[in-house]
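Descriptive structure summary
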Amino acid sequence: MGVRDALPLAAPGLLTEPGEHVADTRKHALAVCLTAAFMAGLDVSIVNVALPSIREGLHASEAGLQWILSGYALTFGLLLVPAGRLGDARSRRTVFMWGVALFTLASAACGFAPTMPVLIVSRLLQGLAAGMINPQVSGLIQQMFRGAERGRAFGALGATIGVSTAAGPLIGGALVSAFGADQGWRLVFLVNVPIGLVLVPLARRLLPPPERTGRRESMDPVGVLLLGVAVTVLLLPFIQQHQWPGAGKWLLVPASLALLAAFVAWERRYRGEPLVDLSLFRLRSYGLGTAIALLYFAGFTGIFFIFTLYLQAGLHYSPLLAGLAITPFAVGSAGAAVVGGRLVNRAGRRVVVAGLVTVVAGLLATMAATLLVPGPHVALATALPLLVAGVGSGLTIAPNQAVTLSQVPPAGGGSAAGGGSAAGVLQTGQRLGSAIGIAAAGSVFFGLLGQGWPVAFRHGLMVVVLFVCAGLAAALYDLLRRS
């Protein structure tokens, strides 16, 4: 069954009798959303290649550098569901604008930070702002588009996510190389400022206003608190794995599961509109799609983490060359995401299965290339395999999001099942997957460095492949059930 079978008819005034002006307005509104999503996604990976310069410029410790990366991931994941709920209940456009404004101010504070504590706090605020922006983007796509147009819009979003994450090291490396270690790392953050200043007034003019329902629902503060603490407690041991010695930190995992159980119990008893409509998970497309997203992102983001370390620390690549080595993945992902967005309306989950199979094939070929060419020419040897893996990624992220949200009603105005809150849960799974995947691949990678950089990289990459294979198993199960 394709996505079309599960999608509702177009909302009145959006696609009925579409004139050129309406189509152009939605196209421009989508461009605003995608630019903000690119800006937020870029800062997930662009900082990696700037860390040596930050350490030198601000005399940072290893723990401080880790918080620059992990703090952003932590606060990003923390606000996704509450911000999605807020956008559904009040106004996606307003939350989007506040998120972009805060992200712009936080980026400026990062760029001008005189000390590490200032940089870390600014980075935490930047992550909170990204968590405000992302669920609004998915919710607005749900609101503005239907049918095949929605699939194409999610295809464009998938291309944006793939390119922003994969191109981050390239852009960061180019800035550090062009402007030097002293100023280059600051421009990694300041590059967001002019983009944000342009986006806020454009969002005010182009994004659709909230859908009025005459009701003003509660924001479920107890649910927000329980979920926020549970996500924080679950993420902390993964993002602080190397800075928090001993095994005691892993006791936070069962503690977080207990908090999640308390959250589920509260949501079931809550008399108002809950933060998360648990009935969403009775939809097989949504429940399995969220699991696929978590498992795939556990592998997807781990690739860049260990590959960048291998190239820069193991083979002494410059930041720019390390970024260029990952470019084939970004190119493949961008091109295939557009194609996947067009195919998903007809083929549904089959596109996701094909994408995951392609990713596994590309990663196994990458592993073989590093075995055959272990020396300084490894970037050339892995270019084609990474291109193949990128094509698979483009056929996975956006189509999976389209299928996962296909049966979710896009209604705003406080619907707990609205597009923003449902997308927030989906993206929280992605953030959790990223933290878990980086921790798992990084543990294997660092644990085997004594046997050489190529051996450590291949074993770390095998962890990535296992996560992707687990996502493939979930996708195949969904496909077989549909058949």
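Before any of the text, the structure's been laid out above.
Model, not experiment: these values are computed from the prediction.

Before going further, it helps to examine the overall build of the chain. When you go through the chain residue by residue, the secondary structure sums to 17 helices and zero strands. Here the C-alpha radius of gyration of the chain, 21 Å, is about what a compact globule of 483 residues would show, namely 23 Å. A principal-axis box enclosing the C-alpha atoms of the chain has dimensions of 60 × 50 × 50 Å. Counting the 483 residues in the chain, one finds 58% classified as buried. Surface summary for the chain: the accessible area is close to 18,200 Å², and the carbon and sulfur share equals 70%. Between the centroid of the 32 positive side chains of the chain and the centroid of its 17 negative side chains there is a distance of 4 Å.

Although it is not a glycine, His 59 sits at a positive phi angle of roughly 55°. Within the fold, His 59 resides in the loop between helix H2 (51-58) and helix H3 (62-89). A positive phi angle, close to 60°, is found at His 316, a residue other than glycine. Relative to the helices and strands, His 316 resides in the loop between helix H10 (284-314) and helix H11 (319-347).

The subject of this paragraph is the side chain of Lys 249. Relative to the helices and strands, Lys 249 resides in the loop between helix H8 (221-239) and helix H9 (252-269). A residue is classified by how much of its surface remains accessible, and Lys 249, at 5% relative accessible area, is buried. Excluding anything up to four places from it in sequence, Lys 249 contacts Pro 237, Gln 240, Gln 241 and Trp 244.

Next up on the list: the pattern of salt bridges. Taken as a whole and assessed by the stated rule, the structure comprises four salt bridges. By sharing partners, the salt bridges in this structure join Arg 284, Arg 349 and Asp 478 into a single network.

Attention shifts here to H3. Taking 1.5 Å of rise per residue, 28 residues should cover 40 Å, and H3 covers 41 Å from first to last C-alpha, within 8% of that figure. The largest bend along H3 measures about 40° and falls at Leu 80, with the proline Pro 82 one to four residues further on. Here H3 lies mainly inside the structure; 20 of its 28 residues are buried.

What follows covers a nonpolar patch on the surface. On the surface, a cluster of nonpolar side chains totalling about 260 Å² of accessible area is made up of Leu 364, Met 462 and Leu 466. Note on placement: Met 462 falls in helix H17 (residues 453-482).

A few words on H8. With 19 residues, H8 should cover 27 Å at 1.5 Å per step; its first-to-last C-alpha distance of 26 Å lies within 8% of that length. Taken together, the buried positions of H8 are Gly 223, Leu 226, Leu 227, Gly 228, Ala 230, Val 231, Val 233, Leu 234, Leu 235, Pro 237, Phe 238 and Ile 239.

Glancing now at the environment of Ala 361. Tracing the backbone shows Ala 361 in helix H12 (residues 349-372). With 287 residues separating them along the chain, Ala 361 and Leu 74 place their C-alpha atoms 31 Å apart.

This brings us to the packing of aromatic side chains. Applying the stated criterion across every chain, the model contains 12 aromatic pairs. The interplanar angle of 20° and the centroid separation of 5.6 Å between the aromatic rings of Tyr 296 and Phe 300 together place this pair among those described as stacked. You can see Tyr 296 and its partner Phe 300 sitting in helix H10, four residues apart, about one turn around the helix. In this structure Phe 300 comes out as buried when scored by relative accessible area, which is 1%.

Definitions and cut-offs
Residues numbered from 1 in each chain as written. Predicted model: local features only at pLDDT ≥ 70, side-chain atom pairs only at ≥ 80, totals over all residues. Heavy atoms only, no water. Helix = DSSP H or I, 4+ residues; strand = E, 2+ residues; numbered from the N terminus. Rg over C-alpha atoms; globule rule 2.2 N^0.38 Å. Buried < 20%, exposed > 50% of the residue type's maximum accessible area, 1.4 Å probe, protein only. Areas by Shrake-Rupley, 256 points an atom, 1.4 Å probe, with all protein chains shown as cover. Lys, Arg positive; Asp, Glu negative; His and termini not counted. Charge placed at Lys NZ, Arg CZ, Asp CG, Glu CD. Contact = heavy atoms within 4.5 Å. Salt bridge = Lys/Arg side-chain N within 4 Å of Asp/Glu carboxyl O. Expected span 1.5 Å × (residues − 1). Bend = angle between axes of the 7 residues up to and from the residue. Patch = residues over 30% accessible without salt bridge, like charges linked within 9 Å, V, L, I, M, F, W, Y side chains within 5 Å. Phe/Tyr/Trp six-rings, centres within 6.5 Å; stacked < 30°, edge-to-face > 60°.

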